[in-house]
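# Tertiary structure, described
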Amino acid sequence: MARLRFRPPGRGGGHLCPARAPLRGEALTAATALAAEPKRWRDLRKRFLSALVLGPTALACIWLGSEPWTMLVAVAAALLSWEWVHLCGYRTRALPGLAVPVAVFAAGTLAVVEHPHAALLLLLALWVVAWWTADRGRDKRGQSAGWLAAGVLYIGLAGIALIELRHDNVAGEVNVLFLFLVVWASDIGAYLAGRLFGGPKLAAAVSPNKTWSGAVGGLAAAMLVGAATAMVLAPDGLARAAAVAAILGVFSQGGDLLESWIKRRFDVKDSSALIPGHGGLLDRLDGVLAAAPVAALLALALGQGQPLWQ
């Protein structure tokens, strides 16, 4: 009788009829959707707070000149090297972990004194040395010693690129500013589009949260901001600016995926706990690490004093 209800007279006669089954499926679906809504934006506060600290610091050093910028790059390289060495299971206080920051700083010093080609050659040589000095076999995390040495190239190439870009006395300021604004736009656009539209996964095995809609949104945002930045700084060549921004945006997103893949290899959520509650600097600068060498190569091809989009 629990599943029957009485239909009163005047509405088809007084008799018992089956009661309507409760919409448990719809209720559960609605509840799940409501619960999932806040989770889509659960890391928004983390991103905002880290941008609030890192963004103004970078912009101030770009504007103040090559010397403050070089100091900022040196500090960032030191922190990134520390994170990488610890991620690989070593320590920076002794070899072989010490080889990574030493190699990065030695090559960066040559870049600072305007010897970029020598800096690159030294970086390659010290990459081999770092690999050789690393413990033979496998470290405590089960990764080969080659992972430790890879940090020399991963961090060192980006460091040299950022130094060389800003040391151009004519176009250095606008080129570094263009690079960072495009990378930030790509990251923000990908985040917002991915959370709003969702859809098919971009690389589920590497980063389950990244979607094709996010990739397209990030690329569109990078091109839009690149063209807008060029319009303000040097109005000629807006189409070229959008194209260069698209290239940098693609490499920025590739750097994000690379960092996700590296963390999966080491079975960690964040590269470190350097920023309390917000992960590590590698997590925040993955796009810059990948896009900076591309921007430096383009600047080298164009010659001194030329904006990246002209």
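Residues numbered from 1 in each chain as written. Predicted model: local features only at pLDDT ≥ 70, side-chain atom pairs only at ≥ 80, totals over all residues. Heavy atoms only, no water.

Relative to the elements of secondary structure, V244 occurs in helix 9 (residues 238-266). Assessed through its relative accessible area of 7%, V244 is described here as buried. For V244 and Q310, which are 66 residues apart along the polypeptide, the C-alpha to C-alpha distance reads 9.8 Å. The contacts of V244, once residues within four sequence positions are left out, are F178, L298, L308 and W309. (Helix = DSSP H or I, 4+ residues; strand = E, 2+ residues; numbered from the N terminus. Buried < 20%, exposed > 50% of the residue type's maximum accessible area, 1.4 Å probe, protein only. Contact = heavy atoms within 4.5 Å.)

Considered as a void within the structure, the second largest pocket measures approximately 520 Å³ in volume. Along the walls of the second largest pocket sit 20 residues, with P116, E164, A296, L297 and L300 positioned nearest its centre. Those elements giving two or more residues to the lining of the second largest pocket turn out to be helix 5 (116-133), helix 6 (146-166) and helix 10 (281-302). Here the residues of the lining of the second largest pocket sort into 11 nonpolar, six polar and three charged. (1 Å grid on protein atoms, 1.4 Å probe; cavity = no way out; pocket = protein on both sides within 12 Å on 5 of 7 lines; lining within 4 Å. Points joined across faces, edges and corners; volume = space filled by probe spheres on them. Nonpolar A, V, L, I, M, F, W, Y, C, P; charged D, E, K, R; others polar.)

Considering all chains together, one arrives at two salt bridges under this definition. Linking K210 and D256 is a salt bridge whose minimum nitrogen-to-oxygen distance equals 3.5 Å. One end of the pair, K210, is in strand 4 (residues 207-211); the other, D256, is in helix 9, and 46 residues separate them in sequence. For D256, a relative accessible area of 18% gives the class buried. The salt bridge involving K263 is made with D283; its shortest N-O contact spans 2.9 Å. Linking K263 in helix 9 with D283 in helix 10, this pair joins segments that are 20 residues apart in sequence. (Salt bridge = Lys/Arg side-chain N within 4 Å of Asp/Glu carboxyl O.)

On the surface, a cluster of nonpolar side chains totalling about 390 Å² of accessible area is made up of F48, L52, V53 and L54. Along the chain, V53 turns up in helix 2 (residues 44-64). Residue classification places V53 among the exposed residues on the basis of a relative accessible area of 54%. (Patch = residues over 30% accessible without salt bridge, like charges linked within 9 Å, V, L, I, M, F, W, Y side chains within 5 Å. Areas by Shrake-Rupley, 256 points an atom, 1.4 Å probe, with all protein chains shown as cover.)

A word on the side chain of Q253. Note that Q253 resides in helix 9. The class of Q253 is buried, set by a relative accessible area of 16%. Those residues in contact with Q253 that sit more than four places away from it in its chain are S186, A215, G218 and L219.

Turning our eyes to something else, we now look at the confidence of the model for the chain. Per-residue confidence for the chain gives a mean pLDDT of 85, with 82% of residues at or over 70. Segment residues 1-7: pLDDT under 50, and 22 contacts once partners within four positions in sequence are set aside and those in other chains are kept. pLDDT under 50 marks residues 137-142. Its contacts with residues more than four places away, or in other chains, come to 13 contacts. (pLDDT = per-residue confidence, 0-100.)

Another point: the pairing of strand 4. Direction of pairing for strand 3 (residues 201-203) relative to strand 4: antiparallel, over a ladder of two bridges. Opposite K201, over in strand 4, you have T211 as the bridge partner. The antiparallel pairing of strand 3 with strand 4 creates a hairpin that spans three residues between the two strands. (Pairing = 2+ DSSP bridges.)

This part is about helix 4 (residues 99-112). Over its 14 residues, helix 4 extends 20 Å from the first C-alpha to the last, a length consistent with the 20 Å expected when each residue adds 1.5 Å. Among all positions of helix 4, only A99, V100, P101, A103, V104, A107, G108 and A111 are buried. Looking at the residues trailing helix 4, positive phi occurs at E114, about 65 degrees. (Expected span 1.5 Å × (residues − 1).)

Here the residue pair L95 and P96 is connected by a cis peptide bond, since its omega of 5 degrees sits within 30 degrees of zero. Looking at the element boundaries, P96 is found in the loop between helix 3 (66-87) and helix 4. Positive phi, close to 65 degrees, is recorded for E114, a residue that is not glycine. Along the chain, the position of E114 falls in the loop between helix 4 and helix 5.

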